[in-house]
Amino acid sequence: MFSRSSFTAALLVSASAVLPAQAVTLADAEASYQALQQFYNASIGLWIPSTGWWNSANCLTVIADLAMIDGGVKAQSESVFGNTFREAQLYNLQMQKVVGPDYLPRTYYGHHWPYFPQGWHRPDPHQTNGFLNSYYDDEGWWALAWIAAYDVTGNWQYLATAESIFEDMKAAAGTTPCGGLIWWDKSHTYVNAIANELFLDVAAHLANRGGNRATYYLSWAQKQWAAFKASGMINDQNTINDGLNITTCKNNGGTVWSYNQGVILGGLTELSKATRDSSYITTAKQIADAAIANLTVNGILHDVCEPDCGADGSQFKGVFARNLQILQQASPEARYATFLQDNANSIWANDREGQDELSLIWSGPFIQPANASTQSSAMDAIVGALATS
Ligand SMILES: *[C@@H]1O[C@H](CO)[C@@H](O)[C@H](O)[C@H]1NC(C)=O
Ligand SMILES: *[C@@H]1O[C@H](CO)[C@@H](O)[C@H](O)[C@H]1NC(C)=O
Ligand SMILES: *[C@@H]1O[C@H](CO)[C@@H](O)[C@H](O)[C@H]1NC(C)=O
Ligand SMILES: *[C@@H]1O[C@H](CO)[C@@H](O)[C@H](O)[C@H]1NC(C)=O
């Protein structure tokens, strides 16, 4: 577990190795994109086995976010969107997710005993479920990825895919014992922040892109925000815990993960755009400030699982950076620009090795392995810094 004191000690010991950080450039972002694509498995349209299913949606999203600010990668990004759209939905990756006592989710993919004691076989492609699976958070990540690809390309198929994923998530609304919220999973074991924030975020994004259905999405986004706010998952310090105890419907005091402080910022910013009501921005800034106060050391973002965040926790911090970018573009603050710059510059100076591979700990040192998850997550901070500077 990461603790402030041991971390400070580690910093002092390695102080001589820490380079003065220079500002990252678009060329650096392009180099980190090429490094990410070393891990792309074109035959299945996913960054597997380097990382997992939901992480792959986050890889696609950061590529779209880079393409939004860099015409030089637009054509390449469009071919990645097209190939992923075709192939990934034929590859129905089966999995079982477990949330441990530390509230760190862990995904076990098909080949991992004991969750698949009968073994795993690639299913008949005609029986797959597109971008839907048994976990509402995974569905939300893919919906956001296709919205991001739509923003770059204007391809209506991507938007339609996000809309149909939204319908599947919506079917879960109000089915939990805890108000209007949705479940994390289709087997109804947990009501958590991430799935509920993603449902809000997808609805709010669609409210600004849904054409003649915009008001329908807006009313869902508003309803979901009301349910989330009433749920108690936002604590007295304005940080967001992992989820609810489904017996009591009270905040379970679970770990404050960076991604749970992130997705909400995008959702509230999109809600503010759709309604022209700036109070959503005010709330988003309270959450962003509380998160930065709670999760940074010397201005650099950390999750408490470092350095053992597993294949899921290694994705979290980029989600915060990406959503802070969305907030910052809508309502800039010098302190958020500085935060994104400092994190991006630190990654490039202290957390990079080999062919511009980026690893888990943004303050450094570089630790093995770097993979499509650590790479895409760090890229989110770099793209966020460039998009807001
Ligand atoms: C791509 O994924 C398939 C299916 O999981 C796997 O068999 C193959 O080895 C992967 N290719 C690479 C280059 O990793
Ligand atoms: C939920 O709360 C109940 C009642 O306080 C408690 O007995 C139970 O252990 C809690 N469940 C979890 C998963 O923490
Ligand atoms: C961060 O928040 C957690 C949970 O609210 C709290 O226990 C912890 O002391 C906070 N840490 C810092 C550095 O603010
Ligand atoms: C990716 O790297 C992270 C951080 O080094 C590690 O925790 C995770 O297990 C790796 N993911 C995979 C699928 O190997």
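As a convention, each chain's residues are numbered from 1 in the sequence order in which they are written. Numbering of ligands from 1 and lettering of chains from A proceed in the order in which they are written. Selection of residues for local features in this predicted model requires a pLDDT of at least 70, selection of side-chain atom pairs for listing and counting requires 80 or more, and totals for whole chains, interfaces and linings are taken over all residues. Think of the side-chain values as coming from all heavy atoms in the structure, minus any hydrogens and water.

Looking at an unreviewed UniProt entry, one finds the protein chain named Glycoside hydrolase family 76 protein and attributed to Friedmanniomyces endolithicus.

Below, the discussion takes up the overall build of the protein chain. Each helix and strand in the protein chain was counted, giving 14 helices and nine strands. Across the 389 residues in the protein chain, those meeting the buried criterion constitute 58%. For this analysis, residues touch if any pair of their heavy atoms sits within 4.5 Å. Restricting the contact set of the protein chain to residue pairs at least 6 apart, pairs at least 24 apart contribute 68%. When the accessible surface of the protein chain is totalled, it reaches about 15000 Å², and 52% of it is carbon and sulfur. Numbering of helices and strands runs from the N terminus; a helix is a DSSP stretch of H or I covering at least four residues, while a strand is a stretch of E covering at least two. Relative accessibility decides the category of a residue: with a 1.4 Å probe and only protein chains considered, values under 20% of the type maximum give buried, values over 50% give exposed, and everything between is partly exposed. Throughout, the Shrake-Rupley method with a 1.4 Å probe supplies accessible areas, and for residues the shown protein chains are the sole cover considered.

Turning to its location among the elements, lysine 317 is positioned in helix 12 (residues 316-330). Lysine 317 gets classed as buried once you look at its relative accessible area, which sits at 2%. The residues contacting lysine 317, other than those within four sequence positions of it, are Ser258, Leu301, His302, Asp303, Glu306, Leu360, Trp362 and Ser377.

Now for the nonpolar core. Among the nonpolar cores identified, the biggest contains 122 residues, and Trp47, Trp142 and Leu324 are the most heavily contacted of them. If we ignore the near neighbours within four places in the chain, the residues touching leucine 324 are Leu265, Ala288, Ile292, Tyr336, Phe339 and Leu340. Here, nonpolar core means buried Ala, Val, Leu, Ile, Met, Phe, Trp, Tyr and Cys residues that are tied together by side-chain atoms lying within 4.5 Å of each other.

With 17 residues, helix 13 (residues 334-350) should reach 24 Å at 1.5 Å per residue; the first-to-last C-alpha distance of 24 Å fits that figure. For helix 13, the set of buried residues is Tyr336, Phe339, Leu340, Asn343, Ala344, Asn345, Ser346, Ile347, Trp348, Ala349 and Asn350. Any helix carries an expected span of 1.5 Å times its number of residues minus one.

All right, on to the state of the cysteines then. Disulfides are defined as cysteine sulfur pairs within 2.5 Å. All chains considered together, the criterion is met by two disulfides. Here cysteine 178 pairs with cysteine 249 through a disulfide, and the sulfurs are 2.1 Å apart. The S-S bond linking cysteine 178 to cysteine 249 shows a torsion near -80°; that makes this disulfide left-handed. With a gap of 71 residues between them, cysteine 178 in the loop between helix 6 (156-170) and strand 3 (191-192) and cysteine 249 in the loop between strand 4 (243-245) and strand 5 (250-251) connect regions that are remote in the sequence. Its relative accessible area of 6% is what places cysteine 178 among the buried residues. The disulfide bridge from cysteine 305 ends at cysteine 309, spanning 2.1 Å between sulfur atoms. Where cysteine 305 bonds to cysteine 309 through sulfur, the torsion about that S-S bond is close to 95°, and the disulfide is right-handed. Numbered by order of appearance in the sequence, the disulfide-linked cysteines of the protein chain pair as 1-2, 3-4.

Turning to a nonpolar patch on the surface, a few remarks are in order. Patch building starts from residues that exceed 30% relative accessible area and form no salt bridge, then joins like charges within 9 Å and nonpolar side chains (Val, Leu, Ile, Met, Phe, Trp, Tyr) within 5 Å. One side-chain nitrogen of Lys or Arg within 4 Å of one carboxyl oxygen of Asp or Glu is enough to make a salt bridge. Taken together, the side chains of Leu26, Met68 and Ile69 present a nonpolar region at the surface, about 240 Å² in accessible area. Summarising the element assignment, methionine 68 is placed in helix 3 (residues 53-69).

Another aspect to go through is the pattern of salt bridges. Taken as a whole and judged by the stated rule, the model has 18 salt bridges. When the shortest N-O distance is used, the salt bridge between lysine 74 and glutamate 78 registers 3.3 Å. Here lysine 74 and its partner glutamate 78 are both found in helix 4 (residues 74-87), four residues apart, which amounts to about one turn of the helix. Using a relative accessible area of 33% as the deciding quantity, one classes lysine 74 as partly exposed.

Our focus in this paragraph is the packing of aromatic side chains. For this analysis, a ring pair means two rings from Phe, Tyr or Trp (six-membered ring only for Trp) whose centres lie within 6.5 Å, classed as stacked if their planes differ by under 30 degrees, edge-to-face if by over 60, and tilted for the remaining angles. Evaluated as defined, the whole model comprises 25 aromatic pairs. Through a chain of ring-to-ring contacts, the aromatic side chains of Trp53, Phe81, Phe85, Phe131, Trp142, Trp146 and Tyr158 assemble into a single cluster. Criterion for a charge above a ring: Lys NZ or Arg CZ within 6 Å of the ring centre, and within 35 degrees of the ring normal. Across the ring face of tyrosine 135, the terminal group of lysine 97 is positioned such that the distance to the ring centre comes to 5.1 Å. Over the ring of tyrosine 336 we find arginine 335; its NZ or CZ atom is 4.8 Å from the centre of that ring.

With that settled, consider the side chain of serine 377. Structurally, serine 377 can be placed in helix 14 (residues 372-387). Apart from the residues lying within four places of it in its own chain, the contact partners of serine 377 are Ser314, Gln315, Phe316, Lys317, Gly318 and Trp362.

Note on pairing: DSSP must find at least two bridges between two strands before they are called paired. The strand order 3-4-5 describes an open sheet built from three strands, whose pairing is antiparallel. Where the open sheet ends on each side, the last strands, each with one partner, are strand 3 and strand 5. As paired elements, strand 3 and strand 4 share two bridges and run antiparallel to each other. Within strand 4, the residue paired with asparagine 192 across the bridge is glycine 243.

Moving on to the site of ligand 1. To be near a molecule or strand, a residue needs just one of its heavy atoms within 4 Å of it. Every residue close to ligand 1 is listed here: Asn41, Ser43, Ile44, Pro49 and Tyr91. Side-chain atoms alone can form a polar contact between residues adjacent in sequence; in general such a contact is a pair of N or O atoms within 3.5 Å, and within protein one must be able to donate a hydrogen while the other accepts it. Within the side chain of asparagine 41, one N or O atom sits 2.4 Å away from an oxygen atom of ligand 1. For ligand 1, whose accessible area on its own is 360 Å², the fraction buried by protein is 39%. Following the grouping adopted for this structure description, the nonpolar residues are Ala, Val, Leu, Ile, Met, Phe, Trp, Tyr, Cys and Pro, the charged ones are Asp, Glu, Lys and Arg, and the polar ones are all others, Gly among them. The residue inventory of the shell around ligand 1, partitioned by class, reads three nonpolar, two polar and no charged.

Attention now moves to unusual backbone geometry. Keep in mind that most residues, glycine aside, have a negative phi and that most peptide bonds are trans. Looking along the chain, the bond that leaves glycine 364 and enters proline 365 is cis, with omega of 0°. Tracing the sequence through the fold places proline 365 in the loop between strand 9 (357-358) and helix 14. In this structure, proline 369 follows glutamine 368 across a cis peptide bond, with omega equal to -10°. Backbone geometry at cysteine 249 places phi at a positive 60°, although glycine is not the residue there. One non-glycine residue, arginine 276, lies in positive phi territory at about 55°.

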